[in-house]
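Reading the structure
The primary structure of each chain is shown beneath.
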Amino acid sequence: MIRINEITDKVATYIDKPDLELIQKAYIFTAQAHLGQTRLSGEPYLSHPMSVASILADMQLDEATVTAGLLHDTVEDTHTTIDEIEGLFGEEVADIVDGVTKISKMSFESKAVAQAENIRKMILAMAEDIRVLMVKLADRLHNMRTLDFQPSVKQRLISQETLEIYAPLANRLGLHRTKRELEDLCLKYLKPDVYEQIDQGVASHHTSGQAYIDKVTGLITEMLKENEIKGRVAGRTKHRYSIYTKMLQQNLGLDQIFDLIAFRIIVGSLKDCYAVLGLIHSIWKPVTGRFKDYISIPKANMYQSVHTTVIGPDGERIEIQIRTEEMNKVAEYGVAAHWQYKEKGKKGSNRDAERFTWLRQILDWQRDLQDPREFMASLRIDLFQDEVYVFTPRGDIKELPEGATPVDFAYAVHSKVGDQCAGAKVNGRLVPLGTVLKNGDRVEIITDSHRNPSRDWLKFVKTARAKTRIKQYIRTEERARSITLAKEMLEKEGRKLGVNYAKALKDGHIHKLAEEFSFPSVDELLSQVGYSRLTPRKVLQKLYAMLHPGEKLTEKLAEDQRKAAEQPTQAEEPAKPKKGEGIKLSGVDDVLFRFASCCNPLPGEPIVGYITRGRGVTIHAHDCTNIKGFEPDRIISVSWEGVEDKPYPAKIRIVSRDFKGALSQVTALLTSDDVNIHSGSFQSNVDGNAVMEFTVEVKDLQQLYGVLDKIRLVEAVTEALRVS
């Protein structure tokens, strides 16, 4: 087990006059708190917080963070309280420990929700103090190192969560060493066979031998000396997980992966970085498309370096990274290299805080997400994707995920700019909003105050911020539509049942009714009706009972029917259909309806209506196969009435012998019957038949089947039918 003096010795190497007594005090407290507890390996539990503190010291974090690493499990696993931690070690340490403490006593409906809430709380704690995540990552790294003692099922679950959340977060913070180790450990437990194959393959690969590393290192070192450039060179084999992902992405075998070795050249100045790059390219041929300059445009995690891949000695591909000592420190320790704590109680300067714009963006959109599982899905989107850097018209840099579009850019500028995005210019040229942005593009957004987010944008936007804002707008619009639909349904159903909904609303009875149903407002009650979670009759029955205590609506309806039966019947003149209405909905006015594209119902055929949540009523043909999967309570009776004189779409398929003029015969018949062809396709099969599929526009069902009958009379035609 690690000793406390090993930890304090590490801290003393990078902090001038460190408060080692605080760390010693935390060690004694932790040892007493965890006394008698053991890990699954059989080791004393103290070995875990000691290892976490040692990892934090390796990251060169301050005394408060190392102290919190020692104490991080005391509140969860012992009788220690946060107040006790604060009293003994101060508010700063207590805040970090509180942020790291797991949510073990909260009740969740599922493990997925529990995990999501855990991660959400961690993100919030990170906003207050990034050191919370540093301790959490050190905790997870040591748990992954000792995962052998967990059951195999738990090994996979922990590894999957680590790969999806913690490794990407480490990457975001620039903790590349931590990220690489986490990924390799995850691969070991998630795909042990693949890990073993890559591990053995790398060991036996001829470019991974130390002799080759020494050869290339010697050549570069000699080149630096000849050009009087001070620097050092190091070579290493790429980590296993990066090799695995490359094999997957490019569908390659291990023997086809050539650049298994990466060399790092550390020099004294920025000028020397580009000088060395030129020298490297002068002795070895660079590989096209494999040059990246992260010095002029740093990554969001502060990483800076020049990357190039060249054809090195013996014709092998090698990757070379060139950076300064300061850049190398950031590359190894990431956020820890910049997160300074010059005074007790201070959590970093404003300049340091500005480095974490991505973290603030996560917080911006997470506040709008009530469902924790949706939050997790959005978090994965933002953490996993590579970055692309684009410029505003003023020259400011915006970092977006790879594949981002002008709409993503608009929301990155401001949520209002995104909501009102009407067009975009990329490098001075108008482009579609779904255009994929590339590194270095200059983007200008054209706004219109009358423009609103479109559902279609969800098909191409990449950032969680854009997706969240668009979905939020759609939900608001759907809610408004559902409320409008509910009012129509309640008023119409109320007239049939003798209940005046409008008067009840004016008199305040609907507000009381909402309370009866335990809804906070009338709008919430109406939205539930519009979404078909409550039927209009159920609401009106309760309203009637409120207006007429002791009397049931069902009894009144039975009495009304009895009286109507006793009255002599009189012939009634049938009501004339109103021109242009098109559809009659039982119990609902003809508002907020649309025709289903799956079956394209036509005037003259039996139809049904289906209440679609937030989108009104969708009209289907009565024999549409999709109806089988519908909720019966949301299916309503509808009929054609006063059909509007306009074309309706229908899909048809015609099969005939493949001969010259077949297509022209069919289209001539369609034209002669005044049937317009909206779109179509023609395909010749190997069996000598031709298949023609058209979307045509007809007035009604009678016209459609009339023209199909004529087509069937053509001698070469073997089949002519309507399809859906």
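First, a word on scope: everything that follows refers to the structure included in this document. (Residues numbered from 1 in each chain as written. Predicted model: local features only at pLDDT ≥ 70, side-chain atom pairs only at ≥ 80, totals over all residues. Heavy atoms only, no water.)

1. A closer look at the sheet that holds strand 11 (residues 443-447)
Rule in force here: Two strands are counted as paired when DSSP detects at least two bridges linking them. Helical segments are the DSSP runs of H or I of at least four residues, strand segments are the runs of E of at least two, and each set is numbered from the N terminus. Note on definitions: angles span 0 to 180 degrees between N-to-C directions of axes, and those axes are lines fitted to C-alpha atoms, for helices only across the stretch in contact. In what follows, a contact means two residues having at least one pair of non-hydrogen atoms within 4.5 Å.
A sheet is described by the order of its strands in space; here three strands give the open sequence 10-9-11, paired in antiparallel fashion. In this open sheet, the two strands that pair with only one neighbour each are strand 10 (429-431) and strand 11. Put simply, the sheet's adjacent strands are angled 35° from each other on average, direction ignored. Where strand 9 (residues 421-426) and strand 10 come together, three bridges link them in antiparallel fashion. Residue Ala424 lies in a different strand from strand 10, and its bridge partner there is Val431. Lying over the sheet, helix 20 (residues 406-413) contacts strand 9, strand 10 and strand 11, oriented at roughly 80° with respect to strand 11.

2. Let's talk about the pairing of strand 8 (residues 397-401)
Bridge analysis of strand 7 (residues 387-391) against strand 8 gives five bridges, and the strand direction is antiparallel. Residue pairing across strands places Val388 opposite Leu400, the latter belonging to strand 8. Hairpin geometry of strand 7 and strand 8 is characterised by an intervening segment of five residues between the two adjacent antiparallel strands and by a positive phi of about 95° at Gly395.

3. Re the nonpolar core
Rules: To form a nonpolar core, buried Ala, Val, Leu, Ile, Met, Phe, Trp, Tyr and Cys residues must be joined to one another through side-chain atoms within 4.5 Å. Three labels apply to residues, based on accessible area from a 1.4 Å probe with only protein chains included: buried if under 20% of the type maximum, exposed if over 50%, partly exposed otherwise in between.
Ranked by size, the top nonpolar core spans 60 residues in total, and within it Leu56, Leu71, Ile85, Phe89, Val93, Leu137 and Met144 carry the most contacts. Ranked by the residues each element gives to this core, the list is headed by helix 9 (residues 131-145), at eight residues. With near-sequence residues (within four places) excluded, Leu71 lies in contact with Ala26, Phe29, Thr30, Ile85, Phe89, Val93 and Val97.

4. Details of the pattern of salt bridges
Let me state the cut-off plainly: Criterion for a salt bridge: a side-chain nitrogen of Lys or Arg within 4 Å of a carboxyl oxygen of Asp or Glu.
Counting across every chain of the model gives 16 salt bridges. Note that Asp673 is salt-bridged to Lys710, the shortest N-O span being 2.6 Å. Remark: Lys710 occurs in helix 29 (residues 701-712) and Asp673 occurs in the loop between helix 28 (662-672) and strand 18 (676-684); sequence separation between them is 37 residues. Connected through salt bridges with shared partners, the residues Asp62, Glu92 and Arg131 form a single ionic network.

5. Describing the packing of helix 10 (residues 152-172) against helix 11 (residues 176-190)
The criterion, for reference: With respect to orientation, any angle under 35 degrees is reported as roughly parallel, any angle over 145 as roughly antiparallel, any angle of 65 to 115 as roughly perpendicular, and every other angle as oblique. Helix crossings fall into two classes, left-handed where the near helix is turned counterclockwise from the far one by less than a right angle and right-handed where it is turned clockwise.
Close contact between helix 10 and helix 11 brings their axes to 9 Å; oriented N to C, the two are set at 160°. One element, helix 10, and the other, helix 11, form an angle in the roughly antiparallel class. The element helix 10 and its partner helix 11 pack so that their crossing is left-handed. On the side of helix 10, the interface is formed by Gln155, Arg156, Ser159, Gln160, Thr162, Leu163, Tyr166, Ala167, Ala170 and Asn171, while helix 11 contributes His176, Thr178, Lys179, Leu182, Glu183, Cys186, Tyr189 and Leu190.

6. Focus: helix 24 (residues 509-516)
One full turn of an α-helix is made of 3.6 residues, so residues set three or four places apart face in the same direction. Convention followed: The arc refers to the directions leading from the helix axis to the C-beta atoms.
Within helix 24, the full set of buried residues consists of Ile510, Leu513 and Ala514. Each buried residue of helix 24 sits inside an arc of 105° when the element is viewed along its axis, so together they form one side. The secondary structure elements touched by the buried residues of helix 24 are helix 23 (501-506), helix 25 (522-530) and helix 26 (536-547). One or two steps after helix 24, the chain reaches Ser518, where phi turns positive at roughly 65°.

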